Amino acid sequence: MKIQYFGTAAYEGVPALFCGCDVCRRSAAAGGRNLRTRQQALVDGVLLFDFNADTVCHAQKYAVDFSKIGDCLITHSHCDHLYPDDAEIAAHGYSYGHLPLHFYAAKDGYEKLRPFTDKMGGGAGVTLVESGRQFFAAGGKYRVLPLPADHDAASSPVVYAVEGGGKRMLYAHDTGVFPEETFSGLQKFGRLDFISFDCTGCLGESGDWRRGHMSLKTVKEVFAKLCALGVADEFTVKAVSHFSHNGGQTYDEMRASAEAEGYIVAYDGLEIAF
Ligand SMILES: [Zn+2]
Ligand SMILES: [Zn+2]
Ligand SMILES: [Zn+2]
């Protein structure tokens, strides 16, 4: 499998729109990997994670063939992960010659998408997903298991475990330290080859980052527990993403510490094969 990160920031972006804080000023001055759009990623060129308002910009920036993308997993309904109004760009009249776009979303995201997919036609749709109930996506190519995330309950948050081509990965944005049900669900799902962890709090010096989102400190706790349960091990590739200026570090400032602990710090455009 291969994952490509299109965006790696939390809601406000890095630098955050309107912000004059020191982290944003340092990020803007450093440029390059220190500049982040909102979190979105693509697996194997066909399976999209989340659909935010930066999607048009991502498609153009990375020259991605979105006509081949027919499946999109929505982690939750916050607008930095789901901007349903832009789903209608897949309707005839706005776009042509592409696969029908099919979304998978838990309750709140499902309800936000349904009015748009209903009027799109051409095979577009949205499937209501439930924590703990697995399904198959992209014509059966991927086995997908949604599990509960510790995040704003009103946004129907889930993390996704995905299996394809004999490999397994976990996409865990946005979430705090995993609920017990998620640890046990992952144990049943199988050993993970790759994990993308929420790291909104960067190195974790600005708070405890246990509920709602994580930092590198809490990510390490979760990973240690996954190893103890036999779900991950020293060969599991680990990345951190979904950064906020509220965490306190730029890409350049957190890279060395994270890499020393064995974590890849994601940046916009990064591709990881596993
Ligand atoms: Zn988010
Ligand atoms: Zn800022
Ligand atoms: Zn969120």
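Residues numbered from 1 in each chain as written. Chains lettered and ligands numbered in written order. Predicted model: local features only at pLDDT ≥ 70, side-chain atom pairs only at ≥ 80, totals over all residues.

Visitor: Any chance you could break down the overall build of the protein chain for me, citing the residues and the numbers?
Guide: A count of helical and extended segments in the protein chain gives 6 helices and 14 strands. Computed over its C-alpha atoms, the radius of gyration of the protein chain comes to 18 Å, within 12% of the 19 Å expected for a compact globule of 274 residues. Each of the three principal axes of the protein chain carries a C-alpha extent, and together these read 50 × 45 × 35 Å. Contacts in the protein chain between residues far apart in sequence, at least 24 positions, make up 67% of those at least 6 positions apart. (Helix = DSSP H or I, 4+ residues; strand = E, 2+ residues; numbered from the N terminus. Rg over C-alpha atoms; globule rule 2.2 N^0.38 Å. Contact = placed C-beta atoms within 7 Å.)

Visitor: Let's hear about the sheet that holds strand β7 (residues 135-137): which residues, and what values?
Guide: Sheet strands pair via backbone hydrogen bonds, and the direction of the pair is either parallel or antiparallel. Spatially, the 7 strands line up as an open sheet ordered β7-β8-β9-β10-β11-β12-β13, and their pairing is mixed. In the strand order of this sheet, the two ends are held by β7 and β13 (263-265), each with one partner. Geometrically, the sheet is characterised by an average inter-axis angle of 25° between neighbouring strands, direction not taken into account. Along the sheet, helix α4 (residues 180-189) contacts β8 (142-148), β9 (158-164) and β10 (167-172); its crossing angle with β8, the most-contacted strand, is approximately 160°. Where helix α6 (residues 251-260) meets the sheet, its contacts fall on β12 (237-241) and β13, and the angle it forms with β13 comes to roughly 170°. (Pairing = 2+ DSSP bridges. Axes fitted to C-alpha atoms, helices over the stretch in contact; angles between N-to-C directions.)

Visitor: Break down the sheet that holds strand β1 (residues 2-7) for me, citing the residues and quoting the values.
Guide: Strand order in the open sheet made by the 7 strands is β6-β5-β4-β3-β2-β1-β14, with mixed pairing throughout. Looking at strand neighbours, the two that pair on one side only are β6 (125-128) and β14 (271-273), the edges of this open sheet. The average undirected angle you get between the axes of adjacent strands in this sheet is 20°. As defined by bridge partners, β1 adjoins β14 across 3 bridges and the pair is classed as antiparallel. Bridge assignment links K2 to a residue of β14, and that residue is A273. Sheet strands touched by helix α3 (residues 107-120): β5 (102-105) and β6. Its angle to β6, the strand with the most contacts, is close to 160°.

Visitor: Which residues make up α3, and what values go with them?
Guide: Relative to the 20 Å expected for 14 residues at 1.5 Å per residue, α3 spans 20 Å between its end C-alpha atoms, a close match to the ideal helical length. When the local axis directions of α3 are compared, the greatest deviation, roughly 40°, occurs at R114, which is followed within four positions by the proline P115. Turning to α3, its buried residues number three or more, namely G109, K112, L113, F116, T117 and M120. Summarising the contacts, the buried residues of α3 are in contact with β5 and β6. Directly beyond the C-terminal end of α3, a positive phi value near 65° is found at G121. (Expected span 1.5 Å × (residues − 1). Bend = angle between axes of the 7 residues up to and from the residue. Buried ≥ 20, exposed ≤ 12 C-beta atoms within 10 Å, placed from the backbone.)

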